[in-house]
Each structure stands twice: as structure tokens, then as C-alpha cells.
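Structure at a glance
Given next are the chains, with one letter for each unit.
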Amino acid sequence: LKKASHIVLPGVGAFSDCLDGLESIPEMIEALRFQVLAVGKPFLGICVGMQLLGDKSWENGVTRGLGWIAGDVIKLENLEKSLKVPHMGWNNILIRKKNHPLMRGLNSGDHAYFVHSFHFENLEQKNCYATVHYGRKISAIVGRDNIIGTQFHPEKSQAFGLCLIQNFMEWKP
């Protein structure tokens with residue numbers, strides 16, 4: 001982490017399993033916290049990696065998160081009957097922070113690829129950079145300062161995702 005210019009935390013699976021994986025590496029969470037919060041390196045959390053930014057998750061009981069962005073991770077509920085959980089597939093993004101450097105070249109209406117059963121419920125709307133509608137409005141991109149997180153998988157989101165990743169690698173907050 002000391003040598004990295006940018007830090008990416010991918011996530012696949014359950015929230016608590018991902019957190020356990022980080023905690024199983026001695027001093028990893030402390031090193032992440034130092035490099036991201038103290039040094040200010042650009043950070044990208046993907047899917048569960050984004051969800052870990054929150055205060056806690058309600059998946060498989062209550063598990064504390066990193067607490068870097070105020071919010072909880074809750075189950076997708078109150079959806080239209082035709083919508084399935086997990087939310088899996090392509091959906092249109094609605095960009096709310098168009099002037100953020102990571103949104104350069106991205107437009108509302110662009111498609112991103114999602115696979116998730118839980119979502120990040122923001123406590124502070126200023127930290128919600130983009131949303132998606134899946135039976136209700138869901139955070140698609142959250143962020144603050146040098147931290148960004150995507151509920152979708154940019155690595156599977158074709159031109160939209162590649163643009164976001166390129167913007168992230170060029171980002172110097």
C-alpha cells in the first residue's frame with residue numbers, strides 16, 4: 001500500500017466475509033486507513049468493496065464497516081414484483097455530481113453492470129454521486145474527498161466502466 005499511487009478494494013460475496021478477509025491480514029485495515037485517510041491516496045471500492053465504506057451492514061446479522069462514508073448496507077426490498085433479487089444486469093445510471101473528475105466523459109443514461117442483493121443507504125445525500133433505479137432509487141456511486149465507491153462492477157461495464165477506471169487512475173484529489 002505504501003508504494004501504490006491508487007488503492008482499489010474489490011468485493012465479491014458477503015459483507016462479513018470480505019471484512020473477515022481484510023482482518024485476517026495483520027494490520028491491513030490500519031494500513032488502509034492510514035494510506036487513504038491520512039496520506040490521502042485515491043481509493044476505489046467496488047461492489048462489496050464500496051459497501052465496506054459504510055458504518056454497518058445488515059447482511060447475515062449486523063457487521064461493522066470501515067465507517068468512512070456515513071450509511072448502512074441494507075437488503076434490497078420494496079421492489080416491484082417483476083424485479084428479482086439479486087439485482088443482476090445492466091441498468092441506466094443517473095449522475096448527480098457531474099462536475100466530479102471521475103464523471104468526466106460519463107453521462108446519465110449510460111449503462112453499468114450490477115450484481116447485488118444489498119445496497120448502500122446514504123445517511124448524507126451529498127455523498128451520493130450517482131444512483132440507479134431498481135424498484136426504488138439506489139446509490140450507484142458514493143464518495144467523499146479522495147474516496148469513491150461503485151455498487152456496480154466497472155470492470156464488467158464496458159466503455160462506461162473503462163472510462164470510470166481511466167478517470168480514477170488519472171485522479172489526483
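Structure report, in brief.

Rules used throughout
Residues numbered from 1 in each chain as written. Predicted model: local features only at pLDDT ≥ 70, side-chain atom pairs only at ≥ 80, totals over all residues. Heavy atoms only, no water. Helix = DSSP H or I, 4+ residues; strand = E, 2+ residues; numbered from the N terminus. Pairing = 2+ DSSP bridges. Buried < 20%, exposed > 50% of the residue type's maximum accessible area, 1.4 Å probe, protein only. Arc of directions from axis to C-beta. Core = buried A, V, L, I, M, F, W, Y, C linked by side-chain atoms within 4.5 Å. Contact = heavy atoms within 4.5 Å. Polar contact = N/O pair within 3.5 Å; in protein donor to acceptor, adjacent residues only side chain to side chain. Salt bridge = Lys/Arg side-chain N within 4 Å of Asp/Glu carboxyl O. Axes fitted to C-alpha atoms, helices over the stretch in contact; angles between N-to-C directions.

Cis geometry marks the peptide bond from Val 85 to Pro 86; its omega dihedral reads 15 degrees. Assignment of secondary structure puts Pro 86 in the loop between strand 5 (71-75) and strand 6 (87-95). For Gln 158, which is not glycine, the phi dihedral falls at a positive 50 degrees. Looking at the secondary structure, you find Gln 158 in helix 4 (residues 158-170).

Bringing the sheet that holds strand 8 (residues 118-122) into the picture now. What the four strands build is an open sheet, ordered 4-3-5-8; its pairing is mixed. Each edge of the sheet is formed by a strand with only one pairing partner; in this case those strands are strand 4 (63-64) and strand 8. In this structure, strand 3 (residues 56-57) lies alongside strand 5, joined through two bridges in parallel fashion. Its bridge partner being in strand 5, Lys 56 is matched across the sheet by Asp 72.

Here the focus is helix 1 (residues 15-23). Helical geometry: 3.6 residues make up each α-helical turn, so side chains three or four residues apart lie on a common side. The complete set of buried residues in helix 1 reads Phe 15, Ser 16, Cys 18, Leu 19 and Leu 22. All buried residues of helix 1 lie within an arc of 160 degrees about the axis, which places them on one face of the element.

Attention now moves to the nonpolar core. Core analysis: the biggest nonpolar cluster contains 47 residues, and Phe 43, Leu 52, Ile 93 and Phe 152 have the highest contact counts within it. Among residues more than four places away in sequence, those in contact with Phe 152 are Ile 46, Cys 47, Ile 93, Ala 112, Tyr 113, Phe 114, Ala 140, Ile 141, Ser 157, Phe 160 and Leu 164.

Another aspect to go through is the environment of Asn 92. Inspection of the secondary structure puts Asn 92 in strand 6. For Asn 92, a relative accessible area of 42% gives the class partly exposed. Residues Asn 92 and His 119, spaced 27 residues apart in sequence, show a C-alpha to C-alpha distance of 16 Å. The residues touching Asn 92, leaving out its near neighbours within four places in the chain, are Gly 109, Asp 110, His 111, Thr 131 and Val 132.

So, about the side chain of Gln 151. Note on placement: Gln 151 falls in the loop between strand 11 (147-150) and helix 4. A distance of 3.1 Å separates the side chain of Gln 151 from the side chain of Gln 51, its partner in a polar contact. Contact partners of Gln 151, with chain neighbours within four places excluded, come to Cys 47, Met 50, Gln 51, Phe 114, His 116, Phe 118, His 119, Phe 120, Ser 139 and Ala 140.

Across all of its chains, the model carries six salt bridges by this definition. One salt bridge in this structure joins Asp 72 and Lys 56, with 3.5 Å as the shortest N-O distance. Residue Asp 72 is located in strand 5, and its partner Lys 56 is located in strand 3; the two are separated by 16 residues in the primary sequence. Judged by its relative accessible area of 15%, Asp 72 is buried.

Here we come to the environment of Val 142. Counting through the fold element by element, Val 142 comes out in strand 10 (residues 137-144). With 32 residues separating them in the primary sequence, Val 142 and Asp 110 have C-alpha atoms 17 Å apart.

This paragraph deals with the sheet that holds strand 6. The seven strands are arranged 1-2-11-10-9-6-7 in an open sheet whose pairing can be described as mixed. Among the strands making up the open sheet, the edge pair consists of strand 1 (7-9) and strand 7 (111-116). Ignoring which end each strand starts from, the neighbouring axes of this sheet average 30 degrees apart. In this sheet, strand 2 (residues 43-46) lies alongside strand 1 in parallel orientation, the contact comprising three bridges.

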